[in-house]
Amino acid sequence: MIRCLLDNHCTEKSDLDVVALSGFRWMDITQPDPEEIQEIANEFGLPHYAIKDCLEPDHLPKYENTGAYKFIIVRFYSPRNGGAKNGEAGKHDIHTVQELSSKIGFFYNNGFLLTIHRRQIPFIDEIKEKYVDTGYVTFPEEAVVKVVWNVLHTYEQEAEALVSQVDTLERRVFLKERIPDLQQRLYVLKRKASICQRILFVTRDVLAKITTTPRDTAALQDVRDLHTKLEVAYAQLLDDISNLLNVYISLSAQRTNDIVKVLTIFSVFFMPLTFIAGIYGMNFDYMPELRHKWGYPISLGAMVAISLGIYIWFKRKRWL
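Fair warning: this is a prediction, and the values are worked out from it, not measured in the lab.

Quick notes on the overall build of the chain
Scanning the chain for helices and strands turns up eight helices and six strands. Across the chain, helices and strands are ordered from the amino to the carboxyl terminus as β-β-α-α-β-β-α-β-β-α-α-α-α-α. Looking at the chain as a whole, 42% of its 320 residues are labelled buried. Residue pairs at least 24 apart in sequence account for 64% of intrachain contacts in the chain once pairs closer than 6 positions are excluded. Summing over all exposed atoms, the chain offers an accessible surface of approximately 18,300 Å²; the carbon and sulfur share of this is 57%.

Here it is as structure tokens:
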């Protein structure tokens, strides 16, 4: 529905929301169909290629300034299925930009602000109530800055969640706990962080071109500072995940080496004993000491002596 504030020319249309305050109109469109988009394009004189970009679900962030209006696309963190919890791997793990984030498009000039998105965005209403309704935001550029800040804030929340999961896994790895499917979990975390970092990297150019009113310059700088902070956080997160994966592989290799070491020690003890037993186990009539009265005790004694000698040798080499 369209909610008309200080605008006597609004009409009701499904899935549309209009805010008119301080001389500009804000129309927020959720889950638009092609007919609605075409109607809006005709009303505001938007070109076909811009509308096409706005409807592409996997479009990356971009900025265009045609003179008549400014066109921006940003992506906010919004996993399609909620994502795997606690780094757990599963068949619904996210592997693409479209599965991990959702797009929001802006068309604006001095007279109007048009936002288009497929999913419900709670912070749109919060911005309207907190800033637009109170008169704190009186220009479309200022509203765009507030929306973009909230968009980046979704990545900040996810970065904190990923850091917590990595810290938990790191503690369990160094405590030598058995973690089922740890490699798959680390892959999921790394994939999430990598996709978020890629989106933030493309968003950097958008933020560099966004302008706002002189009184709102500090807010725009806060947005850019938050973006820089997030880029550093995700870069550090990727390093931490890679290091943890390397540590896990090293510990797994060490565990395998310890097992092989034990098996090797046992084989070294039993090789000479097996050799002696094999020699005297051959069925020949003429063999030395074959019919000797003390042959059996002597063979057992030789085996014990050899085993004791190997044990002393290993101790001196500090292999035991």
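A closer look at the packing of aromatic side chains
Tallying each qualifying case throughout the model produces eight aromatic pairs. Seen in terms of ring centroids, Y69 and F107 are 5.8 Å apart; in terms of plane orientation they differ by 55°. Their pairing is tilted. You can see Y69 sitting in the loop between β3 (62–65) and β4 (70–77) and its partner F107 sitting in strand β5 (residues 101–108), a full 38 residues away along the chain. F107 shares its class with Y69; the two are buried.

A word on helix α1 (residues 34–44)
Because each turn of an α-helix spans 3.6 residues, side chains separated by three or four positions in sequence point in the same direction. For α1, the set of buried residues is E36, I37, I40, A41 and F44. Buried residues along α1 cover an arc of 135° about the axis, so they all sit on one side. Residues of α1 that are exposed and point over 90 degrees away from its buried face: P34, E35 and N42. Among the residues trailing α1, G45 stands out with phi positive, at a value near 70°.

Re the packing of helix α5 (residues 140–174) against helix α6 (residues 182–209)
Put simply, α5 and α6 touch, their axes get as near as 11 Å, and they point 155° apart. Regarding the angle of α5 to α6, the classification is roughly antiparallel. For the element pair α5 and α6, the recorded crossing hand is left-handed. In contact with V148, L152, Y155, E158, L162, Q165, V166, L169, R172 and V173 of α5, α6 contributes L182, R185, L186, L189, K192, A193, C196, I199, L200 and L207. Of the residues assigned to the contact of α5 with α6, the class counts are 15 nonpolar, one polar and four charged.

Remarks on a nonpolar patch on the surface
On the surface, F275, I279, Y280, M282 and F284 cluster together into a nonpolar patch covering about 500 Å² of accessible area. Along the chain, Y280 turns up in helix α7 (residues 217–280). Residue class for Y280 comes out partly exposed when judged on its relative accessible area of 38%.

So, α6
Taking 1.5 Å per residue as the helical rise, α6 with its 28 residues ought to reach 40 Å, and the 42 Å between its terminal C-alpha atoms agrees with that figure. Of all the bends found along α6, the most pronounced is centred on T203 and spans about 30°.

Topic: the nonpolar core
Generally speaking, nonpolar side chains in soluble globular proteins are found buried as a group. Counting residues in hydrophobic clusters, the biggest one holds 53 residues, and the most contacted among them are W26, I72, I104, F106, V147, Y155 and Y234. Looking at this core element by element, the count peaks at 13 residues for α5. Once residues lying within four places of it in the same chain are set aside, the contact partners of F106 are K70, F71, I72, V74, L113, L114, T115, V144 and V147. Core analysis: the second largest hydrophobic core is formed by 17 residues, L46, A50, F71 and I116 among them.

Regarding the pattern of salt bridges
Scanning the model with the defined rule gives 10 salt bridges in all. R215 is the salt-bridge partner of E142, the closest N and O atoms lying 2.9 Å from each other. Pair noted here: E142 is in helix α5 and R215 is in the loop between α6 and α7, with a separation of 73 residues, a long-range link. The exposed category is assigned to R215, whose relative accessible area is 53%.

Some words on the side chain of D216
Along the chain, the position of D216 falls in the loop between α6 and α7. When near neighbours in sequence (up to four residues on either side) are disregarded, D216 contacts E142, V145 and K146.

Some points on the packing of α5 against α7
With their axes 9 Å apart at the nearest point, α5 and α7 run at an angle of 20° to one another. It follows that α5 is roughly parallel to α7 by the angle criterion. α7 is crossed by α5, and the crossing has left-handed handedness. Across the contact of α5 with α7, the residue classes tally to 23 nonpolar, two polar and six charged.

Let's talk about the confidence of the model for the chain
Mean pLDDT over the chain stands at 82; residues scoring 70 or higher make up 88%. Mean pLDDT across the secondary structure elements of the chain bottoms out at strand β1 (residues 16–21), with 48, and peaks at β4, with 93. Long-range and interchain partners of residues 1–16, a stretch whose pLDDT sits below 50, account for 42 contacts in this model, where long-range means more than four residues apart.

What counts and what doesn't
Residues numbered from 1 in each chain as written. Predicted model: local features only at pLDDT ≥ 70, side-chain atom pairs only at ≥ 80, totals over all residues. Heavy atoms only, no water. Helix = DSSP H or I, 4+ residues; strand = E, 2+ residues; numbered from the N terminus. Buried < 20%, exposed > 50% of the residue type's maximum accessible area, 1.4 Å probe, protein only. Contact = heavy atoms within 4.5 Å. Areas by Shrake-Rupley, 256 points an atom, 1.4 Å probe, with all protein chains shown as cover. Phe/Tyr/Trp six-rings, centres within 6.5 Å; stacked < 30°, edge-to-face > 60°. Arc of directions from axis to C-beta. Axes fitted to C-alpha atoms, helices over the stretch in contact; angles between N-to-C directions. Parallel < 35°, antiparallel > 145°, perpendicular 65-115°, else oblique. Left-handed = near helix turned anticlockwise from the far one by under 90°. Nonpolar A, V, L, I, M, F, W, Y, C, P; charged D, E, K, R; others polar. Patch = residues over 30% accessible without salt bridge, like charges linked within 9 Å, V, L, I, M, F, W, Y side chains within 5 Å. Salt bridge = Lys/Arg side-chain N within 4 Å of Asp/Glu carboxyl O. Expected span 1.5 Å × (residues − 1). Bend = angle between axes of the 7 residues up to and from the residue. Core = buried A, V, L, I, M, F, W, Y, C linked by side-chain atoms within 4.5 Å. pLDDT = per-residue confidence, 0-100.

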